[in-house]
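Chain residues, written in single-letter form:
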Amino acid sequence: MITAILLFLAVLILIIWQPRGLQIGTTAMIGAVLAILLGVVSLDDVWRVISIVWDATLAFIGIIIISLVLDEIGFFEWAALKMARLSKGSGRRLFVYSLLLGALVAAFFANDGAALILTPILLSKMKLLRLDSKAIFAFLMAGGFIGDSASNPLVISNLTNIVTADYFHIGFWEYAKHMFWPNLLSVFASILVLYLYFRKNIPKEVDISILKDPKEAIKNSMMFRLSWVFLALLLLGYFIGDIYHIPVSIFALGGALLFLLLGAKYKAVKPLMTLKIAPWQVVWFSIGLYVVVFGLKNAGLTQELAHIITYLKTQGEIQAVYGTGFLAAFLSSVMNNMPTVMVMDIALDQADAAHLAYANILGCNLGPKMTPIGSLATLLWLHVLDKKGVHIGWGEYMKVGVVVTPPVLAVALLGLL
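A brief report on the enclosed structure follows. (Residues numbered from 1 in each chain as written. Predicted model: local features only at pLDDT ≥ 70, side-chain atom pairs only at ≥ 80, totals over all residues. Heavy atoms only, no water.)

**Looking at the nonpolar core**
Counting 160 residues, the largest nonpolar core has Ile66, Leu70, Phe198, Phe285, Trp381 and Ile392 as the members making the most contacts within it. Ignoring sequence-local partners within four residues, the contact set of isoleucine 392 consists of Phe137, Met141, Trp381, Leu382, Leu385 and Tyr397. (Core = buried A, V, L, I, M, F, W, Y, C linked by side-chain atoms within 4.5 Å. Buried < 20%, exposed > 50% of the residue type's maximum accessible area, 1.4 Å probe, protein only. Contact = heavy atoms within 4.5 Å.)

Right, here's the structure in full:
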């Protein structure tokens, strides 16, 4: 137990610190190798971890490649400009519309896609609109929050969703039905709470006349038109795959490669360059950190969590749902939501509480927003902003996250009752 905990803490500290540019994926893989060498996990455990996360990891790669191609053709910039035009110069409407756009991007392109692609676009527009530093901070923090809080509606909206759906054999349609209301409540509560928190920093009016026409953002009109058809067919494919029990990664990654080839055919993208800039470190981070945390499972963590969940079940449905959701939220905020969702899934299985899987997902998707290390999307978001010259400190971040997250999670969990 002590070895497993110390190894996990060491890996987590290095992921946060990143000494001499040591990337998060490399750190996680080093931790995984050490876990094997120290006997914290076995090779059989590694294969079990891979069997749990392979679908989520491959699907993530596919979704990111699709997002990068869409970004290359100007799809997301077009959407951002369209959103700004719809605000008609109202800063408050612009704030709300930007959150709705973030929610849509998170739903269809995952929270990590929203962090990687949408964040730099919104930042550039905020600067172009000459918003002051407080307003930019409000828009960025709110945009970062909605990326996770709205990543619940579809299996593909978050890696945690895919892992849990695979683990408990939840179909695409079944998942979407159960998470429709919780996600709707989460988006509504997020917008309301974020607006109330940042209302003094949101400008009453913005000069949108200085922004270019949305059509000017489109770099390849043929691929832009094809993208709508492709995305509709891809969504249909997910539902068809559900009927025949085909993993979502087959459609996500297969569709991504097809979309990439179409982009190359119409000279919209350079495939090798697109593949090169894809965040491959995330893949190694995913597998490596899961292996490290599996050592905590071997040391008895899941058994202890199963005891807690079993107790919560005896207290009634409301206590079980809220207890599981906030337990997952707390663990995600201190040990990252990716390993937390796996550990909690195993614990739910041991406690014969598969029906609480959705509460676990909400906790793992929303809870991480309390700390900068809670989710991979937040780490990517902070990294993107840092590269753009915007540094958000831990204290600055947590002052918002700790206040905003609990009420939004509490409202979202209502949708499961």
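**Some details on the packing of aromatic side chains**
If you walk through the whole model with that rule in mind, you get 22 aromatic pairs. Where phenylalanine 75 meets phenylalanine 224, the ring centres are 5.9 Å apart and the plane angle is 45 degrees; that geometry is what we call tilted. Residue phenylalanine 75 is found in helix α4 (residues 75–86), and its partner phenylalanine 224 is found in helix α9 (residues 221–243); the two are separated by 149 residues along the sequence. With respect to burial, phenylalanine 75 and phenylalanine 224 carry one shared label: buried. Judged by centre distance (5.3 Å) and plane angle (80 degrees), the ring pair of phenylalanine 180 and tryptophan 181 falls under edge-to-face. Look at phenylalanine 180 and you get partly exposed, because its relative accessible area is 47%. Connected via pairs of aromatic rings, a cluster forms that spans Phe75, Phe76, Trp78, Phe109, Phe224 and Trp228. (Phe/Tyr/Trp six-rings, centres within 6.5 Å; stacked < 30°, edge-to-face > 60°. Helix = DSSP H or I, 4+ residues; strand = E, 2+ residues; numbered from the N terminus.)

**Remarks on the side chain of serine 90**
One can find serine 90 in the loop between α4 and α5 (91–128). With residues up to four places along the chain from it excluded, the contact list for serine 90 reads Lys204 and Val206.

**Quick look at α5**
Between its terminal C-alpha atoms α5 stretches only 14 Å, short of the 56 Å expected from 38 residues at 1.5 Å a residue. The sharpest bend along α5 comes to roughly 125 degrees, located at phenylalanine 109. Among the 38 residues of α5, 27 are classified as buried, and the element is accordingly described as predominantly covered. (Expected span 1.5 Å × (residues − 1). Bend = angle between axes of the 7 residues up to and from the residue.)

**Overview of the pattern of salt bridges**
One pass over the full model with this rule turns up 3 salt bridges. Residue lysine 125 pairs with glutamate 77 through a salt bridge whose shortest N-O separation is 2.9 Å. Of the two residues, lysine 125 sits in helix α5 while glutamate 77 sits in helix α4, which places them 48 residues apart along the sequence. Residue classification places lysine 125 among the buried positions, given a relative accessible area of 11%. A salt bridge links lysine 212 to glutamate 77, with the nearest nitrogen and oxygen atoms 3.2 Å apart. Placement of the pair is lysine 212 in the loop between α8 (172–198) and α9 and glutamate 77 in helix α4, with a sequence separation of 135 residues. A relative accessible area of 34% means that lysine 212 is categorised as partly exposed. (Salt bridge = Lys/Arg side-chain N within 4 Å of Asp/Glu carboxyl O.)

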